[in-house]
Amino acid sequence: MSRARIPVKPGFFTVPDDPTASPRLLGSRCEACGEHFFPRRRVCARAECLSERLVDVELGPRGTLYSYTFVHFPLFGSSRIEHIGYGVGQIDLPEGPRVQLPLAGRQQEYRVGMMLDAELEPIREDGDLDIVILRFRPLARGA
Amino acid sequence: MRDVAILGVGMHRFGMWPDLTNGDMSREAGLAALRDAGLSFRDVQAAFVGHIFSHAMAGVRVMKEFGLTGLPIQRVENASATGSAALREACWAVESGRYDVVMVLGFDKMTAMIQQSSGTTDAGNLEDAILPAAFFALWATRRMHERGTKAEHLARIAAKNWNNGALNPMSQRQADALITPEKVLASSMVAWPLTKMMSCPIGDGAACAIVGRPELARKLNPGRPVVKVTASHLGSEKYARGHLFVGPVVGPAQMTIDGAHAVYEEAGVGPKDLDLVQVHDAFAIEELEYYELLGLCPPGEAEAAIERGDFERGGRVAVSTDGGLIARGHPGGPTGLAQIWETTLQLRGEAGPRQLARARTGLCHMMGGGSVCVIHVLQRE
């Protein structure tokens, strides 16, 4: 049986009960102009709009890689040896927002424009709980 | 801005100074600036103080080093652009007619801040898990994808700044031999494609400028060229699709484009009139991008301009003449004022071994947390 998971910080992404389900990002949509935002906000950021009619929505989990890097230092806050060195990407969500988050995999796998899928990654334990962050993983070709 | 001059400048060399306090460094920088202006602290009518990492009221306490004269003291903070933002407030205080002599002081001990936080670092936020250099590396990767930029272009920028820094006695990094692009590329990888030598160091330091009326500058130092501040801009982000809200961000490129347009219009100059430029080169990719965003070369031509040596001392427009953030250092609060120190000395013809043959108009650009952009134009009268 899989261990219970909690987000490193609440309010940014879902943690599905089904460990095989992809998490989604917690964002907002402006009901006046239709613009989407991540993370959640209560006033539309567009200078032409500034509406206060924003509703909570879930974004992703798929996205397109806009840019990437590979960091040659440990991931801050992680106690796992495999996080010494990690990818980081800017990911364009289909709804519009761009996010920057860690990437699964190695640098050779990353290509600008490739499709990615959101996933949860444990970075350390708290008793019986896994503390998880959100990251993106390159989709297998044809997926 | 029509009636504001830099009366004096002073610095404490940037570096790792575990045995010095903010007060020690600030006293040295401030007294140097007052001596340079030919003024006493009794003449200072107001002070704007910039620091990022110290506790509340640190600015007022540090100012006591100069004496307790009752003057108004105001803290200004805007991340990396703190010193630049403080200068802007001082310029307006003079331009408005309220004061004749205003001190701008910036200081920080980034080393102390990192010692304090290192034991308790916790990835409590999504963005805190990621090394800040990564966000600048993302800009570089995208540039490589769109324009075919090579790591060698970034290495040439860094090597230039390291070699400029070696000629600046206030520079944190003082290489004792010529730095080649090959050496920059061979230094350890931080976040691909950025290597350690393409990245600014952490450090401590202080810098000070005395701002006042140009006629006072003429009276205090007859025969010395008067350096005027002819434009000042501070802008924040405008939302556009794809805006990044989470993380220590690079900031929208449009902020620098808009700021450059604003100062060129205010000063009545164009990018072709600039003899020297200082930018927020915390990482080499930033300097490359700012060449284009400030209009120093057309979009897409930065790589060719780098290969021609356009931005070296002696090139078309010298950039980061004091070593920039990469070599001179970037403690935080004082960084923007180090740019003013360098530009003022160059415009006066007092920059020693790194003096440019022609220096009449200079531009100083700083970003703060990727969320504000501050630009000043300084001109020799």
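None of these values were measured; they are calculated from a predicted model.

Asker: Describe the overall build of chain A, naming the residues involved and giving the relevant values.
Answerer: Scanning chain A from N- to C-terminus turns up zero helices and nine strands. Listing the helices and strands of chain A from first to last along the sequence gives β-β-β-β-β-β-β-β-β. Taking 143 residues into account, the globule formula puts the C-alpha radius of gyration at 15 Å, and chain A, at 16 Å, falls close to it. The principal-axis extents of the C-alpha atoms in chain A amount to approximately 45 × 35 × 30 Å. Of all 143 residues assigned to chain A, the portion counted as buried reaches 34%. Partitioning the intrachain contacts of chain A with sequence separation of at least 6 by distance along the chain shows that 52% fall at a separation of at least 24.

Asker: Talk me through the nonpolar core; I want residue IDs and the actual numbers.
Answerer: All names here are of chain B. V102, V104, F136, A158, C208, A209 and V211 are the most contacted members of the largest nonpolar core, which has 153 residues in total. In terms of residue count, helix α5 (residues 133-147) provides more of this core than any other element does, eight residues in total. In this view, F136 contacts L194, V250, A282, F283, I285 and E286; residues no more than four positions away in its chain are not counted.

Asker: Which residues make up the sheet that holds strand β11 (residues 361-368) of chain B, and what values go with them?
Answerer: All names here are of chain B. One open sheet accounts for ten strands, arranged β3-β2-β4-β7-β1-β8-β12-β11-β9-β10; its pairing is mixed. At either margin of the open sheet sits one strand with a lone partner, and together these are β3 (73-76) and β10 (318-319). When strand β9 (residues 276-278) meets β11, the two strands line up parallel, connected through three bridges. What sits directly across from Q278, in β11, is C364. Across the sheet, helix α9 (residues 253-267) is in contact with β8 (227-236), β11 and β12 (372-380); its angle to β8 comes to roughly 145°.

Asker: Give a detailed account of the pairing of β11(B), specifying residues and quantitative values.
Answerer: All names here are of chain B. The buried fraction of β11 is high, at eight of eight residues. Side chains T361, L363, H365 and M367 project from β11 onto one buried face, and the interleaved G362, C364, M366 and G368 project onto a second face that is buried too. Both β11 and β12 contribute to a ladder of eight bridges, which runs antiparallel. Residue pairing for β12: L363 is matched across the bridge by V377. Between the antiparallel neighbours β11 and β12 lie three residues, among them G369 with a positive phi of about 55°.

Asker: Before we move on, could you go through the sheet that holds strand β3 (residues 36-37) of chain A and cite the residues and values that matter?
Answerer: Residue and element names in this part refer to chain A. With respect to topology, three strands assemble into an open sheet ordered β3-β2-β4, the strand pairing being antiparallel. Strand pairing shows two members of the sheet lacking a second neighbour, β3 and β4 (54-59), which therefore form its edges. Where strand β2 (residues 25-30) lies against β4, six bridges are found, and the strand directions are antiparallel. Counterpart to C30 in the pairing with β4 is L54.

Asker: Pulling in residues and values, what's your account of the interface of chain B and chain A?
Answerer: In this assembly, 29 residues from chain B lie in contact with 33 residues from chain A. Looking at the side of chain B that touches chain A, the elements with two or more residues in it are α5 and β5 (189-191) of chain B. Counting residues per element, the side of chain B that touches chain A draws most heavily on α5(B), at seven residues. Split into classes, the residues belonging to the side of chain B that touches chain A amount to 17 nonpolar, seven polar and five charged.

Asker: Go over the packing of α9(B) against helix α10 (residues 284-293) of chain B, please, and point to the residues and values.
Answerer: Residues and elements named next belong to chain B. Closest axis-to-axis distance for the α9/α10 pair is 9 Å, and the angle between their directions is 45°. The orientation of α9 with respect to α10, classified from their angle, is oblique. Once α9 is placed against α10, the crossing between them reads as right-handed. Counted together, A253, T256, I257 and A260 of α9 and E289, Y290 and L293 of α10 form the full contact between these two elements. Grouping the constituent residues of the contact of α9 with α10 by class yields five nonpolar, one polar and one charged.

Asker: Residue-level account of the environment of M170(B), with values.
Answerer: Residues and elements named next belong to chain B. For M170, the position within the fold is in the loop between α6 (151-165) and α7 (181-186). Classification of M170 as buried rests on a count of 23 C-beta atoms within 10 Å. C-alpha separation for the pair M170 and G10, spaced 160 residues apart in sequence, amounts to 9.9 Å. In this structure, M170 is in contact with M11, R13, F14, R328 and A338, ignoring residues within four places of it in sequence.

Thresholds applied
Think of each chain on its own: its residues are numbered from 1, step by step along the sequence as written. A letter from A marks each chain and a number from 1 marks each ligand, given out in the order of writing. Predicted model: local features are reported for residues with pLDDT of at least 70 only, side-chain atom pairs are reported and counted for 80 or more only, and whole-chain, interface and lining totals are derived from all residues. Numbering of helices and strands runs from the N terminus, with a helix taken as a DSSP run of H or I at least four residues long and a strand as a DSSP run of E at least two residues long. Here the globule rule is a power law, 2.2 Å times the number of residues to the power 0.38, and the radius of gyration is based on C-alpha atoms. Partly exposed residues are those falling between the two cut-offs: more than 12 but fewer than 20 other C-beta atoms within 10 Å of their own, whereas 20 or more means buried and 12 or fewer means exposed, with C-beta atoms placed from the backbone. Contact between two residues is assigned whenever their backbone-derived C-beta positions fall within 7 Å. Among buried residues, those of type Ala, Val, Leu, Ile, Met, Phe, Trp, Tyr and Cys that are joined through C-beta atoms within 7 Å form a set called a nonpolar core. Note: two strands are recorded as paired if DSSP finds a minimum of 2 bridges between them. Here the axes come from fitting lines to C-alpha atoms, over the contacting stretch only for helices, and the angles between their N-to-C directions go from 0 to 180 degrees. Residue classes follow a fixed rule: Ala, Val, Leu, Ile, Met, Phe, Trp, Tyr, Cys and Pro count as nonpolar, while Asp, Glu, Lys and Arg count as charged, and any other residue, Gly among them, counts as polar. For classification, angles of less than 35 degrees are called roughly parallel, those exceeding 145 degrees roughly antiparallel, those between 65 and 115 degrees roughly perpendicular, and all remaining angles oblique. In this scheme the crossing of two helices becomes right-handed for a clockwise turn of the near helix relative to the far one and left-handed for an anticlockwise turn of less than a right angle.

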